[in-house]
Amino acid sequence: MDRRGEHDGRGRMERVEVDREAPQPDRVERAAAVIRRGGLVAFPTETVYGLGANALDPAAVARIFEAKGRPRYNPLIVHVDGVAAARRLALSWPPLADVLAEAFWPGPLTMVLPRRPEVPEIVSAGLPTVALRVPAHPVALALLRAAALPIVAPSANPSTALSPTRAEHVVRALGDRIDLVLDAGPTGVGIESTVLDLSGERPVLLRPGALSAADLEPLTGALERPVEGDEAAPRPSPGMLERHYAPRASLSLFGPEGRTAAVARARSAAGEGAVVGALVFEPLGVAGDREVLMPRDPAGYARKLYAALHGLDDRGCDLVLVERVPDGTAWEGVRDRLQRAAQP
Ligand code: TXA
Ligand code: MG
C-alpha cells in the first residue's frame, strides 16, 4: 500500500545524521525520496530547523498544517535552490528582487512576490503572493537539489511554540508526526529569516529577522512596516500572530529601571514554589544556574536565544525574567521574538 509518506503516528520517525559541510549524498537522497512521495522531512537551515514538504503537492502541504496545528490562514515559505527556481514560481520579478537576491541569497531573506498559479493555493493561504527563500545551509541546499522540487518549510515546531535550533527540539515536539529528520547539529543564525514584501509599490518589512533593516535599507530605501491590529484590514502577514515563538514558561521583560522589581518578583514567585529562570546580561542573583548570561551582540544573542529558552523549559521553569535588549534596528529581530514570546 502506498501510504504517500503519511505518518502512522506510532513514532516511526527516522533520524538521519548528516555532515553539515559535506552532506552524504545517500542520506540526503533518503530524505529527498520522502519529500517526493509526499512525506514530511525536518531539515536544518541556517536560521532554524524547517519542516519540509513538496510545495507542489497540496496533500503534502496539508500534512504540514496538520502536524503543526497551524491555522490554514497562515501561509508558508517556499524554499528553492536559486534565483532561477524562484522566478519559476513568481508571476513578476522586479529589479529589486535581483538586487536583493544577489546580495543576500543564499541567506536569511524571504521575498514575497506575486504568485504563479502553479503554486497551490494552500501554500499561500489563498493570497495572490508567494514567499520565497534560498536557504544558506549546505544540507538544505543538498536536499532541494536532490528532491529537484520547491520545498515549503515552516519552522519545525507546533504552531506558536518556540522554533527549533537543534534536531532534538524537533524530535521532542513533533517526532511522532513526521517521517524523517536530517540532523546536522545546531543551526547558526538562530532566529527566522527576515520577510520582505516586494509585491506592492514600496517594499514592506513584514517580519524582522536575521537580517536587519540596517542591512536591507541601503538597497531597498526606507522600509515600511505593516499596520498591525486593524481588524478590518486584510492581514499583511498572517503569521504575525501576537503570541508566537513562545516557551511553555511565562516570560516577563524588564528594563534597567525594573531590575529591583524583577528581583522581588523572582523571590516571591520562588517563595510560592515556582521555578524561575532568567536571560540576562548581568546576573540577577535569584535563579541560580537557571540564569543564562546572554551575549551583548545581536547575532550572538539570536544564535543562543531559542536554545536557551528550550533549555529553561526542559528544566521546568514557570517564569523566565528577560532583560530587555537595546533599542535600534540591529536588535529588531531579537526584540520582535522576545515581545511576541512575552504576550500572555
Ligand atoms: O527562517 C525561516 O524563515 C524558517 C526556515 C525554516 O526557513 N521558516 C519560517 O517559516 O520561519 P514560518 O512558517 O515559521 O514563518 C513564515 C512567515 C510567517 O510569518 C508567514 O505569515 C509569512 O512568513 N508568509 C509566508 N508567506 C507569505 C505571504 N505570501 N505573504 C505574507 N507573509 C507570508
Ligand atoms: Mg514559525
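S.K.: I tried to follow the sheet that holds strand 11 (residues 250-254) on my own but got confused; where do I start?
M.R.: Each strand in a sheet pairs with another by means of backbone hydrogen bonds, the pair being arranged parallel or else antiparallel. The four strands are arranged 11-14-12-13 in an open sheet whose pairing can be described as parallel. Two strands lie at the open edges of the sheet, namely strand 11 and strand 13 (291-293), each paired on one side alone. Taken over all neighbouring pairs, the strand axes of this sheet differ in orientation by 20° on average, direction set aside. In terms of strand pairing, strand 12 (residues 276-280) meets strand 13 through three bridges, oriented parallel. Bridging from a neighbouring strand, Leu 279 pairs with Val 292 of strand 13. Most of the contacts of helix 9 (residues 298-314) go to strand 12, to which it runs at about 175°, and overall it touches strand 11, strand 12, strand 13 and strand 14 (319-323).

S.K.: What's the story with the pairing of strand 12 in this structure? I'm lost.
M.R.: For a regular strand, side chains alternate in direction, first toward one face of the sheet and then toward the other. With five of five residues buried, strand 12 is to be regarded as a mostly interior element. On strand 12, burial covers both faces: Val 276, Ala 278 and Val 280 on one face and Gly 277 and Leu 279 on the other are all buried.

S.K.: Teacher, can you tell me more about the nonpolar core here?
M.R.: Here is a general trend for soluble globular proteins: nonpolar side chains tend to be buried in one another's company. Membership of the largest hydrophobic core comes to 69 residues, with the highest contact counts inside it found for Leu 132 and Leu 143. In this view, Leu 143 contacts Val 28, Ala 31, Ala 32, Ile 35, Val 41, Phe 43, Ile 151 and Leu 182; residues no more than four positions away in its chain are not counted. Grouped together as the second largest cluster of nonpolar side chains are 25 residues, Tyr 245, Ala 302, Cys 317 and Trp 331 included.

S.K.: Would you mind going over unusual backbone geometry with me for this structure?
M.R.: Negative phi values dominate among residues other than glycine, just as trans dominates among peptide bonds. With an omega of -10°, the peptide bond between Trp 105 and Pro 106 qualifies as cis. Phi is positive for Thr 160, which is not a glycine, with a value near 75°. Looking at the element boundaries, Thr 160 is found in the loop between strand 7 (151-152) and helix 6 (167-174).

S.K.: When you look at the confidence of the model for the protein in this model, what are you seeing that I'm missing?
M.R.: Averaged over all residues, the pLDDT of the protein is 93; the fraction at 70 or higher stands at 93%. Segment residues 1-6: pLDDT under 50, and 13 contacts once partners within four positions in sequence are set aside and those in other chains are kept.

S.K.: Explain the sheet that holds strand 7 here, please?
M.R.: Within the open sheet, the 10 strands sit side by side as 1-8-2-3-7-4-6-5-9-10. Their pairing is mixed. Two strands bound the open sheet, and with one partner strand each, they are strand 1 (14-17) and strand 10 (204-207). The sheet contact formed by strand 9 (residues 194-197) and strand 10 spans three bridges and is antiparallel. Looking at the pairing, Leu 196 lines up with Leu 205 of strand 10. Contacts between helix 1 (residues 25-36) and the sheet are confined to strand 1, strand 2 (41-44), strand 3 (49-54), strand 7 and strand 8 (180-183), with strand 8 contributing the most and set at about 150° to the helix.

So, how was this worked out
- Residues numbered from 1 in each chain as written.
- Chains lettered and ligands numbered in written order.
- Predicted model: local features only at pLDDT ≥ 70, side-chain atom pairs only at ≥ 80, totals over all residues.
- Heavy atoms only, no water.
- Pairing = 2+ DSSP bridges.
- Helix = DSSP H or I, 4+ residues; strand = E, 2+ residues; numbered from the N terminus.
- Axes fitted to C-alpha atoms, helices over the stretch in contact; angles between N-to-C directions.
- Contact = heavy atoms within 4.5 Å.
- Buried < 20%, exposed > 50% of the residue type's maximum accessible area, 1.4 Å probe, protein only.
- Core = buried A, V, L, I, M, F, W, Y, C linked by side-chain atoms within 4.5 Å.
- pLDDT = per-residue confidence, 0-100.

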